[in-house]
Amino acid sequence: ELKWETTRQFNIGIDVTYKEAWTCTTNYFVKNTKDLLFQPEVSGVLGVSGPGGQSPVVNAGDISNKRFELEVGYATDPRKEIVYSANFNATYLKNEVVATPDGVPFLPGAAFGVGGEIATRFEEGFPIGYFHGFETDGIWQSQEEIDNAAVKQAGAKPGDLRFVDQNGDGVINFNDDSDKKQIGSPLPDFTFGLNLNVRYKAYDFSTNLFAAVGQEIIRNYERQQPFANQLDYVVDRWVGAGTTNEHPRLTTESNKNTVFSDYYVESGSFLRMKNIQLGYTLPEDISKKIKARSIRLYFSINNLFTLTAYQGFDPEIGSVGGPLAAGVDYGFYPQARTFMGGFNVKF
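Here is what the cut-offs are and how they apply
- Residues numbered from 1 in each chain as written.
- Predicted model: local features only at pLDDT ≥ 70, side-chain atom pairs only at ≥ 80, totals over all residues.
- Heavy atoms only, no water.
- Helix = DSSP H or I, 4+ residues; strand = E, 2+ residues; numbered from the N terminus.
- Rg over C-alpha atoms; globule rule 2.2 N^0.38 Å.
- Contact = heavy atoms within 4.5 Å.
- Areas by Shrake-Rupley, 256 points an atom, 1.4 Å probe, with all protein chains shown as cover.
- Patch = residues over 30% accessible without salt bridge, like charges linked within 9 Å, V, L, I, M, F, W, Y side chains within 5 Å.
- Salt bridge = Lys/Arg side-chain N within 4 Å of Asp/Glu carboxyl O.
- Buried < 20%, exposed > 50% of the residue type's maximum accessible area, 1.4 Å probe, protein only.
- Pairing = 2+ DSSP bridges.
- Axes fitted to C-alpha atoms, helices over the stretch in contact; angles between N-to-C directions.
- Core = buried A, V, L, I, M, F, W, Y, C linked by side-chain atoms within 4.5 Å.

A. Representation of the overall build of the chain in the model. The helix and strand tally for the chain stands at two helices and 23 strands. Scaling as 2.2 N^0.38, a compact globule of 347 residues should have a C-alpha radius of gyration of about 20 Å, whereas the chain reaches 26 Å, well beyond that. Across its three principal axes, the chain shows a C-alpha extent of roughly 85 × 55 × 45 Å. At a minimum sequence separation of 6, the contacts of the chain that also span at least 24 residues come to 65%. Looking at the chain as shown, the accessible area adds up to about 20,000 Å², and 55% of this sits on carbon and sulfur atoms.

B. View of the environment of Gln9. Locating Gln9 in the fold gives a position in strand β1 (residues 6-18). Between the C-alpha atoms of Gln9 and Ser64, which are 55 residues apart in sequence, the distance is 9.8 Å.

C. Representation of a nonpolar patch on the surface. Side chains of Phe10, Ile12, Tyr28, Phe68, Tyr92, Phe190 and Val213 sit close together on the surface and give an oily, nonpolar patch of about 620 Å² of accessible area. Of note, Phe10 is situated in strand β1. Given the relative accessible area of 49%, Phe10 is considered partly exposed.

D. The sheet that holds strand β10 (residues 120-123), seen in detail. The strand order across the open sheet built from four strands is β7-β10-β11-β14, with neighbouring strands paired in antiparallel fashion. Whereas interior strands pair on both sides, the edge strands pair on one side only; in this sheet they are β7 (106-108) and β14 (180-184). Taking the axes of each pair of neighbouring strands and ignoring which way they run, one obtains an average angle of 45 degrees across the sheet.

E. Spotlight on the nonpolar core. Ranked by size, the top nonpolar core spans 26 residues in total, and within it Phe112, Phe131, Phe163, Ile218, Phe260 and Val265 carry the most contacts. Among the elements of the structure, β11 (130-134), β13 (161-163) and β17 (216-219) are those that each provide at least two residues to this core. Membership of the second largest hydrophobic core comes to nine residues, among which are Leu36, Val97, Leu107 and Leu324.

F. Molecular detail of the side chain of Arg121. Looking at where Arg121 falls in the secondary structure, it is placed in strand β10. Here Arg121 falls in the buried class, since its relative accessible area comes to 8%. What Arg121 contacts, discounting residues up to four positions off in sequence, is Phe106, Leu107, Gly109, Pro127, Ile128, Gly129, Tyr130, His132, Asp177 and Leu324.

G. How the structure looks around the pattern of salt bridges. Applying the stated rule across the entire model yields 21 salt bridges. A salt bridge links Lys180 to Glu117; its shortest N-O distance comes to 3.4 Å. Remark: Glu117 occurs in strand β9 (residues 117-118) and Lys180 occurs in strand β14; sequence separation between them is 63 residues. Taking the shortest distance from any N to any O, the salt bridge between Lys180 and Asp177 comes out at 3.6 Å. With relative accessibility at 15%, the residue Lys180 sits in the buried group. With a relative accessible area of 35%, Asp177 lands in the partly exposed category.

The following block contains the structure:
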């Protein structure tokens with residue numbers, strides 16, 4: 001019963017130019033996709049595919065994307081001694097699952113941890129691939145606090161994460177989803193870009209910055225094992241009553257600190273200088289010696305800096321497993337900072 005997905009899109013835009021120096025482009029569109037095609041995450045223990053195989057393609061349901069884009073540019077007269085231009089763009093996106101297949105409340109997404117606990121979902125009323133897990137409320141500081149708590153959390157020990165009772169039954173339920181909620185989304189609310197270019201006589205300079213704001217990332221590369229590397233926040237872990245209310249005790253014994261919760265969800269917002277370049281064009285009498293029209297030397301740096309609060313290697317992560325794994329960081333290798341030098345010859 002597999003069907004082609006269909007898309008309907010409405011788009012409206014306005015382009016404005018002022019005095020041949022300022023340009024402004026605005027664009028708004030609504031894009032609705034019906035019978036979305038993708039491959040959901042399926043556990044290998046079900047035997048649905050062999051080594052090198054793939055999960056089956058399914059019609060997941062319907063989604064809606066509403067997007068607003070703004071681009072503003074400015075450029076000076078190119079005949080002047082100092083020439084510069086700037087281009088700024090911003091995008092807002094609202095994504096929502098409109099419907100799931102008949103009789104299916106949600107489609108499971110990416111797995112978290114070694115045990116394969118499902119952390120993301122395709123569910124009506126939520127962004128595609130949103131994070132679904134437990135909400136934390138600090139650290140249990142003492143056995144007395146655990147014994148006298150209004151909400152009972154089975155197996156809790158001092159130094160463990162304290163979870164929030166979402167359904168109000170006085171018990172943290174680890175065997176079903178009754179105490180889970182939306183704890184993040186992999187989709188940024190806004191993205192921004194800025195391009196700057198300056199030319200003065202034979203010198204030229206350019207830079208490109210990019211930012212994404214509002215998305216979250218699942219930290220899914222940690223393992224509580226005796227000889228595994230850890231992030232440096234474990235130095236500030238709980239080691240006794242009152243030491244911290246943020247990071248749980250460090251232990252390899254079986255406990256609920258490793259279930260998927262907002263403790264493993266971080267802000268993925270970042271600002272990155274994607275490129276910066278400085279160039280110099282040699283005088284014409286030099287280039288003419290080799291019968292060239294121009295010779296330009298340049299030095300460039302990619303990924304010079306990234307401003308982010310994310311503790312992982314790189315907030316601009318890739319994706320493995322399709323749209324339902326977009327915000328899951330499996331420990332992807334970070335983008336390198338690259339220093340380059342070279343020359344361009346035009347004949």
